[in-house]
Amino acid sequence: MILNETFTLSNGVQIPKLGLGTWMIGNNDAAQTVRNAIEAGYRHIDTAQAYGNEAGVGEGVRTSGVARDKIFVTTKLDAAVKTYTEAANAIDGSLQALGLDYIDLMIIHSPQPWTDFREGEHFFEGNLQAWRALEDAYKANKLRAIGVSNFEQPDLDNLLKNGTVKPMVNQILAHVGNMPFELIEYAQKQGILVQAYSPVAHGAALGNPTLLALATQYQVTVPQLCIRYCLQLGLLPLPKTANPAHMRDNAQVNFSITAVDMTLLQQIEPLTHYGEANIFPVFGGKLLADGTCVARD
């Protein structure tokens, strides 16, 4: 069963091959969601400072009835944090919010603050400062592993050339119809595990005729097909759901997609219309000074 399988990070740490994403799960609901996931067999929970639910996630982990060292917890440094001092304080803030003695994996959420996401500036020096804070926390055993999210090749190269610890993970938007193969191949060649957030394209995959037909052929659901596709590419998928039935279904991926069908999936038409998710900066929205978002092409 996939929930019992692991990848090995470059530092030897074992990370479960399937995780639960918690984006847009409110703090008040996070604890029960995490307990439900752990009861269903999940041992990998993903959160972030930006999600505003670290406290609930930590409570769910602590009250799950499963030993802490059996659960892999990931959180993310807020994308706006680009100085060493801010990052060091934020790391301690996550430990406090989660109520945990250590974090299994902490990553920089984005190379740019969301207000500047993919605007051309790479914030190389700011990311180095944040990375050095993560390195120091890692060396102090506050963090078992460190990595990044949404980093492109120049962003990775900045840390690879100037850091003292190589990133162990790059968590990126990756799914059928939107798979950055060149970036994935580059990261994997560097020994960096690629995690796929939103592997079901924020639900955009559910109504795709090609995926529906192929899922029917394999006698699986479209989410199961999408998750299996990521796994066969060597990615670690992080499907998000608060529904216990969906959690269980998403873990039922004990089947193989043929080479012919993998090629078909790699050539599927783009799936990049995410509905309500488009308003969020990481998915193409622009956060304004008053806190509102506007869609961006």
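About the criteria used
- Residues numbered from 1 in each chain as written.
- Predicted model: local features only at pLDDT ≥ 70, side-chain atom pairs only at ≥ 80, totals over all residues.
- Heavy atoms only, no water.
- Helix = DSSP H or I, 4+ residues; strand = E, 2+ residues; numbered from the N terminus.
- Rg over C-alpha atoms; globule rule 2.2 N^0.38 Å.
- Buried < 20%, exposed > 50% of the residue type's maximum accessible area, 1.4 Å probe, protein only.
- Contact = heavy atoms within 4.5 Å.
- Areas by Shrake-Rupley, 256 points an atom, 1.4 Å probe, with all protein chains shown as cover.
- Lys, Arg positive; Asp, Glu negative; His and termini not counted.
- Charge placed at Lys NZ, Arg CZ, Asp CG, Glu CD.
- Pairing = 2+ DSSP bridges.
- Axes fitted to C-alpha atoms, helices over the stretch in contact; angles between N-to-C directions.
- UniProt positions renumbered as here; feature names shortened; annotations may be inferred.
- Salt bridge = Lys/Arg side-chain N within 4 Å of Asp/Glu carboxyl O.

A. Geometry of the overall build of the protein chain. On a plain count of helices and strands, the protein chain comes out with ten helices and twelve strands. Against the globule reference of 19 Å for 297 residues, the protein chain gives a C-alpha radius of gyration of 18 Å, in line with a compact fold. By its C-alpha atoms, the protein chain is 55 × 45 × 40 Å across when sized along the principal axes. Out of the 297 residues in the protein chain, the part that is buried amounts to 55%. When contacts within the protein chain are restricted to residue pairs at least 6 apart in sequence, long-range pairs at least 24 apart make up 72% of them. On the protein chain, roughly 12600 Å² of surface is accessible, and the fraction owed to carbon and sulfur atoms is 50%. For the protein chain, the distance from the average site of its 21 positive side-chain charges to the average site of its 29 negative ones is 6 Å.

B. Highlighting the sheet that holds strand 7 (residues 146-149). If you trace the eight strands from one edge of the open sheet to the other, you get 3-4-5-6-7-8-9-10, paired in parallel fashion. Edge positions in the sheet fall to strand 3 (20-21) and strand 10 (236-238), since each of these pairs with one other strand and no more. Taken together, the five bridges between strand 8 (residues 169-173) and strand 9 (residues 193-197) define a ladder with parallel strand orientation. Directly across from Gln171, in strand 9, lies its bridge partner Gln195. The strands touched by helix 4 (residues 124-139) are strand 5 (72-77), strand 6 (105-108) and strand 7; relative to strand 7, the strand with the most contacts, the crossing angle is about 150°.

C. Spatial organisation of the environment of Lys17. The topology assignment puts Lys17 in the loop between strand 2 (14-16) and strand 3. Counting along the chain gives 214 residues from Lys17 to Leu231, while the straight-line C-alpha distance between them is 7.9 Å. Apart from residues lying up to four places away in sequence, Lys17 is in contact with Ile2, Glu5, Thr6, Phe7, Leu231, Leu236 and Pro237.

D. Inspection of the UniProt feature "binding site: substrate" (unreviewed entry) in the protein chain at higher detail. If you check UniProt for "binding site: substrate" (unreviewed entry), the listed places come out as His109 in our numbering. With respect to the helices and strands, His109 occurs in the loop between strand 6 and helix 4. You can call His109 buried: its relative accessible area is 7%. Excluding its chain neighbours within four sequence positions, the residues that come into contact with His109 are Ala48, Ala50, Tyr51, Lys76, Leu77, Ala79, Trp114, Ser149 and Asn150.

E. Examining the UniProt feature "active site" (unreviewed entry) in the protein chain more closely. In the numbering used here, UniProt assigns the "active site" (unreviewed entry) feature to Tyr51. Mapped onto the secondary structure, Tyr51 falls in the loop between strand 4 (44-46) and helix 2 (54-62). Residues contacting Tyr51, with those up to four places away along its chain left out, are Thr22, Trp23, Asp46, Lys76 and His109.

F. Region of the structure containing the pattern of salt bridges. Summed over all chains, the structure comprises nine salt bridges. Here Arg35 makes a salt bridge to Glu59, at a shortest N to O gap of 4.0 Å. With Arg35 in helix 1 (residues 27-39) and Glu59 in helix 2, the pair connects residues that are 24 residues apart, well separated along the chain. Relative accessible area serves as the criterion here: at 23%, Arg35 is assigned to the partly exposed category. A salt bridge links Arg118 to Glu152, with the shortest nitrogen-to-oxygen separation between them at 3.6 Å. Taken together, the residues span a long stretch of sequence, with Arg118 in the loop between strand 6 and helix 4 and Glu152 in the loop between strand 7 and helix 5 (153-162) at a distance of 34 residues. Here the residues in one salt-bridge network are Arg68, Asp104 and Arg144, joined through shared partners.

G. Structural detail: the environment of Asp78. On the secondary structure map, Asp78 appears in the loop between strand 5 and helix 3 (84-98). Taking the C-alpha atoms as reference points, Asp78 and Ala242, separated by 164 residues in sequence, lie 23 Å from one another. Excluding residues that lie within four positions of it along the chain, Asp78 makes contacts with Gln49 and Ala50.

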